[in-house]
Amino acid sequence: MPRPPSPSIPEKEFVYGALKQSLRLDGRAMLEMRTPTLTFGPELGWVECSLGKTRVLAQVDGKMVKPPPERPLEGMITIHSELSSMASNEYEPGRASDQEVTITRMLDKALRRSDAVDKESLCVLAGQRVWHIRLTIHILSDAGNMLDCACLAGIVALKHFRRPEVEVVGDEITIHHPSERAPMPLSMHHTPYCLTFAFFPDTETPPLLDPSHLEETLSAGLLSVALNAQRELCVVQKAGGVPLAPEDVLRIMDVAVQKARELDKIVERALQEDWQGRTVEVR
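Residues numbered from 1 in each chain as written. Predicted model: local features only at pLDDT ≥ 70, side-chain atom pairs only at ≥ 80, totals over all residues. Heavy atoms only, no water.

On to the sheet that holds strand β12 (residues 208-209). With respect to topology, four strands assemble into an open sheet ordered β12-β11-β13-β14, the strand pairing being antiparallel. Unpaired on one side and paired on the other, β12 and β14 (233-238) mark the two borders of the sheet. With five bridges joining them, strand β13 (residues 221-227) and β14 adopt antiparallel strand pairing. Counted as the bridge partner of Leu223 is Lys238 from β14. In the packing of helix α3 (residues 146-160) onto the sheet, the strands contacted are β11 (193-199) and β13, and the crossing angle to β11 comes to about 175°. Against the sheet, helix α5 (residues 246-276) contacts β11, β12, β13 and β14, and its axis sits at roughly 140° relative to β11. (Pairing = 2+ DSSP bridges. Helix = DSSP H or I, 4+ residues; strand = E, 2+ residues; numbered from the N terminus. Contact = heavy atoms within 4.5 Å. Axes fitted to C-alpha atoms, helices over the stretch in contact; angles between N-to-C directions.)

So, in structure tokens, the structure goes:
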């Protein structure tokens, strides 16, 4: 599959010159995010998230399985991401790109290993039956900063999902249909959000938040931070690129905390609006 041409020399010079003056091609400020748009599907746990023209679909489903013997009291969470040529012609079908591997690893650290979901609450019968929650991320369109969009879609899908009510009598397990008993939300410890900052070769150019595809291509390094609105840091990832001074990283953390709080308000408001317009029938 032919790869898209890299930015031309005049295009690079124009973008670098504009960024040095704190000007971005889409008119945003350097530390301004594109406003996320959340669309909920007919099923609980189905969420489409958009950051500008970057679009990601997240879907959560659950089934009951036997737990591994080393963790008999904990449920299981698996995260699978899919980055195909539908997102951009840069990606080849059937072959995992470096970006897909990076996104999957970061989502695993931010959503699963940070204990966003209470795994012990997913246990139904110790050593016999637990819930296995599977989060699938489909990247529909890549216009830059897929990671933040995928992380936001994933955490909103987990908060939106409801599992069936379960009744245990002795060793007998009864799974109630949503029409019999209202389904239960997942027990969440916290809500992490991912924020990506781009850095450029010229030290006079300030860092920018939520890079577009062109800004990502021309950047000399990306720093991704996962944290929640309570100032708890989950992950800091910097895969190579220009070196950063400690004070630069601390400055970025202050910005990230503020943006995480803004995202938390947007997410809670969107979930509340969807829940008010949704009817869960219990006969």
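With that settled, the discussion passes to α3. Between its first and last C-alpha atoms α3 spans 21 Å; for 15 residues at 1.5 Å apiece the expected length is 21 Å, and the two agree. The element α3 is largely enclosed, with a buried count of 15 among its 15 residues. (Expected span 1.5 Å × (residues − 1). Buried < 20%, exposed > 50% of the residue type's maximum accessible area, 1.4 Å probe, protein only.)

What follows is about the packing of aromatic side chains. Scanning the model with the defined rule gives one aromatic pair in all. For the pair Tyr16 and Phe200, a centre-to-centre distance of 6.4 Å together with 75° between the ring planes defines the contact as edge-to-face. Within this pair, whereas Tyr16 is found in helix α1 (residues 9-20), its partner Phe200 is found in the loop between β11 and β12, the two being separated by 184 residues in sequence. With a relative accessible area of 5%, Phe200 lands in the buried category. (Phe/Tyr/Trp six-rings, centres within 6.5 Å; stacked < 30°, edge-to-face > 60°.)

With that settled, consider the packing of helix α2 (residues 98-113) against α3. Between α2 and α3, the least distance of the axes is 10 Å, while the angle of their chain directions is 40°. One way to sum up the angle between α2 and α3 is to call them oblique. When the axes of α2 and α3 are compared, the crossing they make is right-handed. The segment α2 lies against α3, with Gln99, Ile103, Met106, Leu107, Ala110 and Leu111 engaging Met146, Leu147, Ala150, Cys151, Gly154 and Ile155. Among the residues making up the contact of α2 with α3, the classes are represented as ten nonpolar, two polar and no charged. (Parallel < 35°, antiparallel > 145°, perpendicular 65-115°, else oblique. Left-handed = near helix turned anticlockwise from the far one by under 90°. Nonpolar A, V, L, I, M, F, W, Y, C, P; charged D, E, K, R; others polar.)

With that settled, the discussion passes to the pairing of β13. Counting buried positions along β13 gives six out of seven residues, so the element sits mostly inside the fold. Of the pairings in the sheet, the one linking β11 to β13 comprises seven bridges and is antiparallel in character. Bridging across to β13, Thr196 finds its partner in Ser224. Hairpin connection, β13 to β14: the antiparallel pair is bridged by five residues, and Arg231 has positive phi, about 70°.

In this structure the tally under the stated criterion is twelve salt bridges. In this structure, Arg34 and Asp210 form a salt bridge, with 2.8 Å as the shortest nitrogen-oxygen distance. In this pair, Arg34 sits in the loop between α1 and β1 (36-40) while Asp210 sits in the loop between β12 and α4 (213-218), placing the two residues 176 residues apart along the sequence. Exposure class is identical for Arg34 and Asp210. Each is buried. The partner of Arg181 in a salt bridge is Glu167, with the nearest N and O atoms 3.5 Å apart. Taken as a pair, Arg181 in the loop between β9 (172-175) and β10 (184-185) and Glu167 in strand β8 (residues 166-169) lie far apart in primary sequence, 14 residues in all. Taken together, the shared-partner salt bridges connect Asp26, Arg28, Arg34 and Asp210 into one network. (Salt bridge = Lys/Arg side-chain N within 4 Å of Asp/Glu carboxyl O.)

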